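Here are the chains, one letter per residue:
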Amino acid sequence: MAESDPASRRPEGGGRRRGALARGLGYLDWVFNPFQRRDVTEVYDLLGTGAITAEGLYLNLGYWEAADDLDAASDALARLVADTAGMGPGDTVLDVGYGFGDQDLLWARSHAPAQIIGLNITASQVAEARRRVGEAGLEAQLDLREGSATEMPLADASVDAVVALESAFHFRPREAFFREAWRVLRPGGRLVTADILPQPAATGRAGRLKQRLSWWLVASRFAIPDANRYTRDAYADLLDAAGFTAVAVRSIREQVYAPLHQWLRDHPETLQRLHPVARVPARLARGIDAATLYAGLDYVLASAVKPQ
Ligand SMILES: C[S@@+](CC[C@H](N)C(=O)[O-])C[C@H]1O[C@@H](n2cnc3c(N)ncnc32)[C@H](O)[C@@H]1O
């Protein structure tokens, strides 16, 4: 049927409305149903490209030491990861859980590694990220693929750095990712993650209850498996056990949660970028103080080296 035929456009419009309705119902279920258990790709398919950044499509919480908006904070977190990994010209980098590829587009210019290979399990993000790489003319440098952190389609000892920017908490389990990272790294290669963990236990029952609730809210909405629920000391032990040396796991939570929360409070207009149903919990969350909302959440920058 010709495109100009109104009858041919009606189903498209109807399809769009049905799509919007399905997304709204999906959000309602995801946000308010305590028993929903979406897997990670279902969560990110639902979120789509509805990020609250103004410019890019980052999906991380940002590093706020010197940033004054979410785009700058997300860039700063990406730069912190790349700097910690010592990323530079000549390197082959593996970026695991790359979202829409924002950090790869940044690193291609800021740190200029020879190549970045990306693995992401969410096909809808892979398609959009690849489109953006094409638009930027960076196909030779950025090879963004669909694939899993726990079964990497890469040869042993083939990369200089493995990075996971706010994604390893999803991996099933994270330990399998550590083993795969060790396998694909060359001797002397570096692993760096920016990662979400539970906070070490507070003293007092009320404090621990607050922590459990805060962790559960995030873990149950964002498909974090129970196997990944351990604190930073255990994280370091697991990196040691996987064969890494120079293991460092440092909390940067003070530069993440509270300043992000304050920025969201100061900029209510940013929530307008979210789906209308998603704005409801975001507004509720803004009314809670940061110490309570994030009581159960640590945020770490972890680094380790594969021995020579
Ligand atoms: C919070 S987003 C972070 C995206 C991006 N790094 C950023 O900072 O904007 C987490 C990402 O991890 C990806 N992911 C989750 N589990 C994965 C797995 N097992 N293997 C590869 N990617 C995975 C998701 O698809 C998503 O892109």
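Residues numbered from 1 in each chain as written. Predicted model: local features only at pLDDT ≥ 70, side-chain atom pairs only at ≥ 80, totals over all residues.

A.B. asks: Explain the overall build of the protein chain to me, please; I cannot follow it from the model alone.
C.D. replies: A tally of regular secondary structure across the protein chain gives 11 helices and 7 strands. What you see for the protein chain is a C-alpha radius of gyration of 20 Å, in line with the 19 Å of a compact globule of 308 residues. Each principal axis of the C-alpha distribution contributes one length, and for the protein chain these read about 65 × 55 × 35 Å. The buried share of the protein chain, taken over its 308 residues, is 38%. Of the contacts made within the protein chain by residues no fewer than 6 positions apart, 72% connect residues no fewer than 24 positions apart. (Helix = DSSP H or I, 4+ residues; strand = E, 2+ residues; numbered from the N terminus. Rg over C-alpha atoms; globule rule 2.2 N^0.38 Å. Buried ≥ 20, exposed ≤ 12 C-beta atoms within 10 Å, placed from the backbone. Contact = placed C-beta atoms within 7 Å.)

A.B. asks: It is not clear to me how the nonpolar core should be interpreted in this structure. Could you clarify?
C.D. replies: A general feature of soluble globular proteins is that nonpolar side chains tend to end up buried together. One finds Val81, Leu94, Val162, Val163, Ala181 and Ala302 to be the most contacted residues of the largest nonpolar core, which totals 68 residues. With residues up to four places along the chain from it excluded, the contact list for Val162 reads Leu94, Val96, Ala181, Val184, Leu185 and Leu191. (Core = buried A, V, L, I, M, F, W, Y, C linked by C-beta atoms within 7 Å.)

A.B. asks: How should I be thinking about helix H9 (residues 257-266) in this particular structure?
C.D. replies: Residue pairs three or four apart in sequence face the same way in an α-helix, which turns once every 3.6 residues. All of the buried residues in H9 are Tyr257, Leu260 and His261. Buried residues of H9, seen end-on, are gathered within an arc of 100° and therefore sit on one face of the element. Opposite the buried face of H9, at more than 90 degrees from it, the exposed residues are Gln262 and Asp266. On its buried side, H9 packs onto helix H11 (290-293) and strand S7 (297-305). (Arc of directions from axis to C-beta.)

A.B. asks: Can you help me understand the sheet that holds strand S5 (residues 185-198) in this one?
C.D. replies: The strands that make up a sheet are held in pairs by hydrogen bonds between backbone atoms, and each pair lies either parallel or antiparallel. Here 7 strands make up an open sheet; going across it, the order is S3-S2-S1-S4-S5-S7-S6 and the pairing mixed. Edge positions in the sheet fall to strand S3 (142-146) and strand S6 (245-251), since each has one partner strand and no second. Here the strands of the sheet are splayed against their neighbours by 15° on average, with no regard to which way each runs. Of the strands in this sheet, strand S2 (115-120) and S3 are in contact with helix H5 (residues 123-136), which crosses S3 at around 165°. Across the sheet, helix H6 (residues 174-184) is in contact with strand S1 (92-96), strand S4 (159-165) and S5; its angle to S5 comes to roughly 160°. (Pairing = 2+ DSSP bridges. Axes fitted to C-alpha atoms, helices over the stretch in contact; angles between N-to-C directions.)

A.B. asks: Is there a simple way to explain the confidence of the model for the protein chain in this structure?
C.D. replies: As a general rule, the predicted coordinates of low-pLDDT regions are not to be interpreted in detail. Mean pLDDT for the protein chain: 92, with 95% of residues reaching 70 or above. Note on residues 1-11: pLDDT is under 50 here. Beyond four places in sequence and across chains, it has 3 contacts. (pLDDT = per-residue confidence, 0-100.)

A.B. asks: Hey, could you run me through the environment of Gln255 in this one?
C.D. replies: Residue position: Gln255 is located in the loop between S6 and H9. For Gln255, a count of 21 C-beta atoms within 10 Å gives the class buried. For the pair Gln255 and Ala73, spaced 182 residues apart in the sequence, the C-alpha separation amounts to 9.7 Å. Not counting the four nearest positions on each side in its chain, Gln255 is found in contact with Tyr63, Trp64 and Glu65.

A.B. asks: Sorry, what's going on with the pairing of S7 here?
C.D. replies: The two faces of the sheet receive side chains in turn, since in a regular strand these alternate between them. With 8 of 9 residues buried, S7 lies mostly within the body of the structure. Summarising the sheet, S5 and S7 pair through 9 bridges and their orientation is antiparallel. From the neighbouring strand, Pro198 faces S7, where its bridge partner is Leu297.

A.B. asks: Any chance you could explain unusual backbone geometry here in plain terms?
C.D. replies: Trans peptide bonds make up the majority, and among non-glycine residues the majority have a negative phi. In this chain, Arg172 is followed by Pro173 through a cis amide linkage whose omega measures -15°. With respect to the secondary-structure elements, Pro173 resides in the loop between S4 and H6. Unlike most non-glycine residues, Ala112 shows phi in positive territory, near 50°. Tracing the sequence through the fold places Ala112 in the loop between helix H4 (102-110) and S2.

A.B. asks: Teacher, can you tell me more about the packing of helix H3 (residues 70-84) against H4 here?
C.D. replies: The geometry of H3 relative to H4 is characterised by a closest axis approach of 10 Å and an angle of 60° between their N-to-C directions. The angle between H3 and H4 places the two elements in the oblique class. The handedness of the crossing between H3 and H4 is right-handed. Counted together, Ser74, Asp75, Ala78, Arg79 and Ala82 of H3 and Asp102, Gln103, Leu106, Trp107 and Ser110 of H4 form the full contact between these two elements. Tallied by class, the residues present in the contact of H3 with H4 amount to 4 nonpolar, 3 polar and 3 charged. (Parallel < 35°, antiparallel > 145°, perpendicular 65-115°, else oblique. Left-handed = near helix turned anticlockwise from the far one by under 90°. Nonpolar A, V, L, I, M, F, W, Y, C, P; charged D, E, K, R; others polar.)

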